[in-house]
Amino acid sequence: MDIFSDKIVVITGAGSGIGRALALEFGKLGARMAINDRDKGALEETVSLLEGQGIEHIYASSFDVASNKDMHSFAQTIKQRWGNAYVIINNAGIEGGESPVYQTTEKTYRHVMDVNFFGVVNGCEAFLPQLVANNEGAVVNISSIFGLVGMMNYSAYSASKFAVRGYTESLMVEFHNSPISIHCVHPGGIKTNISTTELSKKHLITPPEDLARYIIESIKKDRPRIVYGNGSFKVWLGSRIMSQKMMKALLWKQLS
Ligand code: NAD
């Protein structure tokens, strides 16, 4: 898929960071923007920024992506208003807090999975039929470099991002040889609001706009795995060629 003008692009978690940057980049290409965020105020700011770019076709809806019902009514409203979506970007996500496994509760695991994994499942379930009806489109699911390697003190986040990866890779096989392209994104450290710890500030440095442009280029080139951002290449390569022991040593050195 390489022409986005007048096509409906759906982005979850578009009130901040990567989602907002994606909305602004797709807006520049003339797409119709259907955007979501749980944070109504943040979503309204993105709408203002899009309007400031002269974008006319914007539909914004504030709800929690963990709600299957709300995701389906979002999809229905878009269809009734404009027709079938062409691109669904399941981006909304949370970090879920920092704690070692033995201090992380089942409640935390469920909450992080609800947003990071079931949010993606809900987005695909609600919008894939629209893409299939067009016989054209792209699904972009945002995992992480911690969907490539497990991360100390972020087991809930890492588990949810591995789940996104497994789910998306299954979709890739199911949609092989189809006009619908499936993409799994593994961002490295991107400068967003997802975390404000001192350690994050040191590592989250890649501008979200750069990642947004790379994702769009990757959809055009039908690149299924999208690895981009600070430290991402090293982690991806490490996950492919290094032993678990070496990988752990590298992560300790990088992140402590
Ligand atoms: P961000 O916090 O700046 O933006 C995330 C947005 O998602 C926020 O506006 C938030 O309100 C929204 N959101 C959170 N939970 C939601 C929910 N349940 N329903 C609807 N909206 C919700 O963070 P970001 O870095 O732009 O994160 C975007 C995605 O990228 C996430 O999935 C994140 O895990 C992933 N990611 C980010 C990095 C990074 O370095 N920033 C690295 C790897 C992966």
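Structural data are supplied above this passage.
To start, this report covers the structure provided alongside it. (Residues numbered from 1 in each chain as written. Predicted model: local features only at pLDDT ≥ 70, side-chain atom pairs only at ≥ 80, totals over all residues. Heavy atoms only, no water.)

Turning next to the site of the ligand. Taken together, 30 residues lie around the ligand, and Ser-16, Asp-37, Tyr-157, Ile-190 and Thr-192 are the ones closest in. A distance of 2.8 Å separates a nitrogen atom of the ligand from a polar side-chain atom of Asp-64. Contact distances for the ligand include 3.5 Å between an oxygen atom and a backbone N or O atom of Ile-194. Its free accessible area being 830 Å², the ligand has 94% of it covered by the protein chains. Elements with a contribution of two residues or more to the shell around the ligand: α1 (17-28) and α5 (155-174). (Near = heavy atom within 4 Å. Polar contact = N/O pair within 3.5 Å; in protein donor to acceptor, adjacent residues only side chain to side chain. Areas by Shrake-Rupley, 256 points an atom, 1.4 Å probe, with all protein chains shown as cover. Helix = DSSP H or I, 4+ residues; strand = E, 2+ residues; numbered from the N terminus.)

Bringing the packing of α1 against helix α2 (residues 40-52) into the picture now. Look at α1 against α2: their axes get within 10 Å of each other, and the N-to-C directions meet at 25°. What the angle tells us is that α1 and α2 run roughly parallel. Pair α1 / α2 crosses with right-handed handedness. Together, Arg-20, Ala-23, Leu-24 and Gly-27 of α1 and Ala-42, Glu-45, Thr-46, Leu-49 and Leu-50 of α2 make up the contact between the two elements. Residues that form the contact of α1 with α2 fall into these classes: five nonpolar, two polar and two charged. (Axes fitted to C-alpha atoms, helices over the stretch in contact; angles between N-to-C directions. Parallel < 35°, antiparallel > 145°, perpendicular 65-115°, else oblique. Left-handed = near helix turned anticlockwise from the far one by under 90°. Contact = heavy atoms within 4.5 Å. Nonpolar A, V, L, I, M, F, W, Y, C, P; charged D, E, K, R; others polar.)

Spatial ordering of the open sheet is given by β3-β2-β1-β4-β5-β6-β7, a layout of seven strands whose pairing is parallel. Looking at strand neighbours, the two that pair on one side only are β3 (58-61) and β7 (225-228), the edges of this open sheet. Ignoring which end each strand starts from, the neighbouring axes of this sheet average 15° apart. Looking at chain direction, strand β1 (residues 8-11) and strand β2 (residues 32-36) are connected through four bridges and run parallel. Within β2, the residue paired with Ile-8 across the bridge is Arg-32. Helix-sheet contacts for helix α3 (residues 68-81) involve β1, β2 and β3, and the interaxial angle to β3 is about 160°. Sheet contacts for α5: β5 (137-142), β6 (180-187) and β7; angle to β6, the most-contacted strand, approximately 160°. (Pairing = 2+ DSSP bridges.)

Following the criterion strictly, the structure yields eight aromatic pairs and no others. Considering the side-chain rings of Phe-117 and Tyr-167, the 5.8 Å spacing of their centres and the 90° angle between planes classify their relative orientation as edge-to-face. Placement of the pair is Phe-117 in helix α4 (residues 106-134) and Tyr-167 in helix α5, with a sequence separation of 50 residues. We classify Tyr-167 as partly exposed; its relative accessible area is 23%. Members of the aromatic cluster, connected to one another through ring pairs, are Tyr-59, Phe-63, Phe-74 and Phe-127. Here the basic side chain of Lys-7 rests over the ring of Tyr-86, its NZ or CZ set 4.7 Å away from the ring centre. (Phe/Tyr/Trp six-rings, centres within 6.5 Å; stacked < 30°, edge-to-face > 60°. Buried < 20%, exposed > 50% of the residue type's maximum accessible area, 1.4 Å probe, protein only. Lys NZ or Arg CZ within 6 Å of the ring centre and 35° of its normal.)

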